[in-house]
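Residue-level structure breakdown
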Amino acid sequence: MTVTVLAEKPSQAKHYAEAFQLVCQKDGYMDVNDDRFFQERTYITWGVGHLVELVPPEFYNDLWKQWQLNNLPIFPETFQFQISKDKTKQFNVVKQLLRETNEIIVATDCDREGENIARSIIKMAGADNKPTKRLWINSLEVDEIQKGFKQLRDGNNYVSLYKEAQTRQLSDWLVGMNASRLYTLLLQQNGMKGVFSVGRVQTATLYLLYKRQQEIENFVSKPFFELVGNVSVKNGSFHAKVKDRYQTKEDAMNILGSHSLSSEDNQGTIQQVTKEQKKKIAPKLHSLSTLQTTANKKWKYSPSDVLKTAQSLYEKKLLSYPRTDSHYITDSEFAYLKRYLSTYQSCLNVTMDIVYPDARKRYVDGPKVQEHYAIIPTKQIPNKQDLTDKEWNIYQEVVARTLAMFAGDYEYEETKVEVDVNDLCFEKTGKVELKKGWKALFTEKAPDPENETEQEETVLPSMQEGESCNVVIDISEGKTKPPKAYTQGQLINVMKQAGKQIDDEALQHTLKENEGIGTEATRANILDTLKKQQYIEINKNKVSVTGKGQILCRAVEGTVLASPEMTAKWETYLYKIGQNEGSQEHFISKIKQMLASLLKDAPEKMKTLESQFQEAKEQNIVGKCPVCVKEGGKIEDKGKFYGCSHYRDGCTFTLPKRFLGKAISETNIKKLLAGNKTNLVKGFKSKKGKIFDAYLRYDTTEQKITFEFPKG
């Protein structure tokens, strides 16, 4: 009798092996002889991520190798899989072990993709008739691994999770193969350059960004006027405002006139002073998306960097499983966190009062923990010098958020004042911090999960109701502001909410769970894909859509691909498959119907975009061709270089986007084409490895780029 443990990757297998006695390393697997856990001979082997992949279209039909509209749709009768070419050796090791074993323990990551990786390998190895158990753990610490192997679950309970992930894989392949070819060919027919990748999730996300960018670009700022009073009382002064805004200065002046007021001194009365002590409870424990949002706001880390860092800390046994959408833990985790409170405090170099020593439902709620609990520290404590700065920051953030659960509430006194000036009401709200509570755990000003637009502390002078005051009124002018471009962190939350119209201040953490685009584990990858496809740019943490991205958005506008809500509904149905409440066949048939509809309607849609294509072509032109300028040659952005629009007529003029190791900006390319020298470019590297700075010029006689060196 033999048992084979199938891990997702070598590092994971190594962690499992550390939990057992008598482990012998072999080529591609390990031999384990530990009768505390296994009565049978046991092997641990591993994949290398996805060993198994879908075959390309031409495998089914030679015609599908060609990108032609009349070869669409690409709908294979039965999907087929193959071994990744560079992973054949490891697959053969795994295949032999799985075929010869009596039982398989699936020990890949505890999520739908992990299940898909394992089941795809098992099926490809011809071992899908073997009984399976499932290791389901949230930490790679030795005691958690040992506990997990003593409490293995029935593998059959997770087959539906495999179906969910495989359905996602098949549907994304269908959309990618069909819609990418469809839109690439149609856009190229209209003079657009390059390949246009289209995806079930990525395109809907791109359209969300495009819509926000359109709102910003189309926004017309309007002036408004407010009445502001500088109120002087016996013990000091403060500014107060009338609630209403006025469209014109004249409207504001008319209000003053109607109350017989001037912009000089006016007598008023403190009508009402309301003091209220308020408390703010500590934020919920981190899920992946709240950790990504917080880290992006604090340190400008990209969502994918946060995921990689959290994954690294998980593999170092310092944090629990990071790909979680839960904010809750069970009583078991709460018990060990409580035991380690003093150690966690020393990690943050803080000492705090334990105000809430008992579990509270806001944080500890076993029934709400499904696959994974919230991201929390493990029992293992790191040395700062063993971690990168990024890892240390993320680790400390998780520890602080966890300790906050035990700390006192943030307490402050809120004072609201109403000032009556000839029946015109001026208002002011002040805030005085009383107890820092959980906020003391955060060295920097932590983003308040309840309120992004939190006001700074405003201390008002002491005053009594009925007290007389002097009010100097000013008419203040302001302008309405456009919506802000999304940051990377905000976009994670926007995707989670499927683009529902929400106020910016509500974007942080507190939005009600709803259908969303993608999953907790995939949203960061979607942003990376959009960057890689050159659909978006990130500048100072703000996300904007490129010209290429805008063209695609106009092309898919009005289709299901552009609908965040529809994409969210797809994600919800995929989840139902994982819960045995939906079928793969139904979902795939809906995807095929959608694609058939696109193939029929997209060509007609293109005819309505001709003026926009012309505009895009003109934006793509960076200057006149110095070689065939008389024939009207124009230099276009060709993707990896700049080239002439008359290249089909024999003009071979090109300019590189990189020169001696340095990127040449479009601004500098335009200067070269206009016969001017570029700005000073620093850091060229010669063939001999010498680093130097220089201006560039284009020599029309020699037809080459030349250097001009700074004087002195």
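Nothing here was measured: the structure is a model prediction, and the numbers come from that model.

Another aspect to go through is the overall build of the protein. Along the protein, the regular secondary structure elements total 19 helices and 26 strands. A principal-axis box enclosing the C-alpha atoms of the protein has dimensions of 95 × 80 × 60 Å. In the protein, buried positions account for 50% of the 712 residues. Summarising the internal contacts of the protein: among those between residues at least 6 apart in sequence, 71% fall at separations of at least 24. Carbon and sulfur atoms provide 46% of the accessible area of the protein, an area that totals close to 34900 Å².

Residues in a regular strand point their side chains to alternate faces of the sheet. The pairing of strand 10 (residues 223-233) with strand 11 (residues 236-241) spans six bridges and is antiparallel. Directly across from Asn230, in strand 11, lies its bridge partner His239. The loop that links strand 10 with its antiparallel partner strand 11 comprises two residues.

This part is about the environment of Lys428. Locating Lys428 in the fold gives a position in strand 14 (residues 424-435). Taking relative accessible area as the criterion, Lys428 reaches 26% and is therefore assigned partly exposed. Residues Lys428 and Lys416, 12 residues apart in the sequence, show an inter-C-alpha distance of 5.9 Å. Excluding residues that lie within four positions of it along the chain, Lys428 makes contacts with Phe238, His239, Ala240, Thr415, Lys416, Val417, Thr458 and Leu460.

Space left empty within the atom packing is revealed by a probe, the size of a water molecule, rolled over the atoms. Here the second largest pocket is characterised by a volume of approximately 1200 Å³. Lining the second largest pocket are 29 residues; nearest its centre among them are Gln534, Gly547, Lys548, Asn620 and Asp637. Breaking the lining of the second largest pocket down by element, the ones donating at least two residues are strand 16 (536-539), helix 15 (547-556), helix 18 (610-619) and strand 19 (634-637). Per-element accounting of the lining of the second largest pocket gives the leading share, five residues, to helix 15.

Time to look at the pattern of salt bridges. Side chains that differ in charge, positive against negative, can pair when their charged atoms come close. Following the criterion strictly, the structure yields 37 salt bridges and no others. Residues Glu315 and Lys9 are paired through a salt bridge, measuring 3.0 Å at the closest nitrogen-oxygen approach. Of this pair, Glu315 sits in helix 9 (residues 303-315) while Lys9 sits in the loop between strand 1 (2-7) and helix 1 (10-17), and the two are 306 residues apart along the sequence. Residue class for Glu315 comes out partly exposed when judged on its relative accessible area of 23%.

A few words now on the sheet that holds strand 1. With respect to topology, seven strands assemble into an open sheet ordered 2-3-4-1-7-8-9, the strand pairing being mixed. Each end of this open sheet is capped by a strand with a single partner; those strands are strand 2 (23-25) and strand 9 (153-154). Strand direction decides the pairing type here: strand 3 (residues 29-32) and strand 4 (residues 41-46), joined by four bridges, are antiparallel. Bridged to Asp31 within strand 4 is Tyr43. Packed onto the sheet, helix 2 (residues 88-100) meets strand 1, strand 3, strand 4 and strand 7 (103-107) and runs at close to 150° relative to strand 4.

For strand 24 (residues 681-685) and strand 25 (residues 691-699), the ladder comprises three bridges, and the chain directions are antiparallel. Looking across to strand 25, one finds that Lys685 is bridged to Ile691. The hairpin turn running from strand 24 into strand 25, its antiparallel successor, is five residues long, and Gly689 in that turn takes a positive phi close to 90°.

Moving on, we come to the packing of aromatic side chains. Summed over the entire model, instances satisfying the criterion amount to 30 aromatic pairs. Measuring from ring centre to ring centre gives 5.9 Å for Phe659 and Phe707, while their planes differ by 40°; the resulting arrangement is tilted. Of this pair, Phe659 sits in strand 22 (residues 658-659) while Phe707 sits in strand 26 (residues 704-708), and the two are 48 residues apart along the sequence. Positioned above the aromatic ring of Tyr301 is the side chain of Lys390, whose terminal nitrogen or guanidinium carbon lies 5.1 Å from the ring centre. Against the face of Phe196 rests Lys548, its NZ or CZ located 5.4 Å from the ring centre.

The next point concerns the packing of helix 6 (residues 202-218) against helix 14 (residues 523-532). Contact pair helix 6 / helix 14: the axes reach a minimum separation of 10 Å and the direction vectors enclose 75°. The angle between helix 6 and helix 14 places the two elements in the roughly perpendicular class. Every residue of helix 14 that contacts helix 6 at Gln202, Thr205 and Leu206 is listed here: Ile526, Thr529 and Leu530.

Rules behind the numbers
Residues numbered from 1 in each chain as written. Predicted model: local features only at pLDDT ≥ 70, side-chain atom pairs only at ≥ 80, totals over all residues. Heavy atoms only, no water. Helix = DSSP H or I, 4+ residues; strand = E, 2+ residues; numbered from the N terminus. Buried < 20%, exposed > 50% of the residue type's maximum accessible area, 1.4 Å probe, protein only. Contact = heavy atoms within 4.5 Å. Areas by Shrake-Rupley, 256 points an atom, 1.4 Å probe, with all protein chains shown as cover. Pairing = 2+ DSSP bridges. 1 Å grid on protein atoms, 1.4 Å probe; cavity = no way out; pocket = protein on both sides within 12 Å on 5 of 7 lines; lining within 4 Å. Points joined across faces, edges and corners; volume = space filled by probe spheres on them. Salt bridge = Lys/Arg side-chain N within 4 Å of Asp/Glu carboxyl O. Axes fitted to C-alpha atoms, helices over the stretch in contact; angles between N-to-C directions. Phe/Tyr/Trp six-rings, centres within 6.5 Å; stacked < 30°, edge-to-face > 60°. Lys NZ or Arg CZ within 6 Å of the ring centre and 35° of its normal. Parallel < 35°, antiparallel > 145°, perpendicular 65-115°, else oblique.

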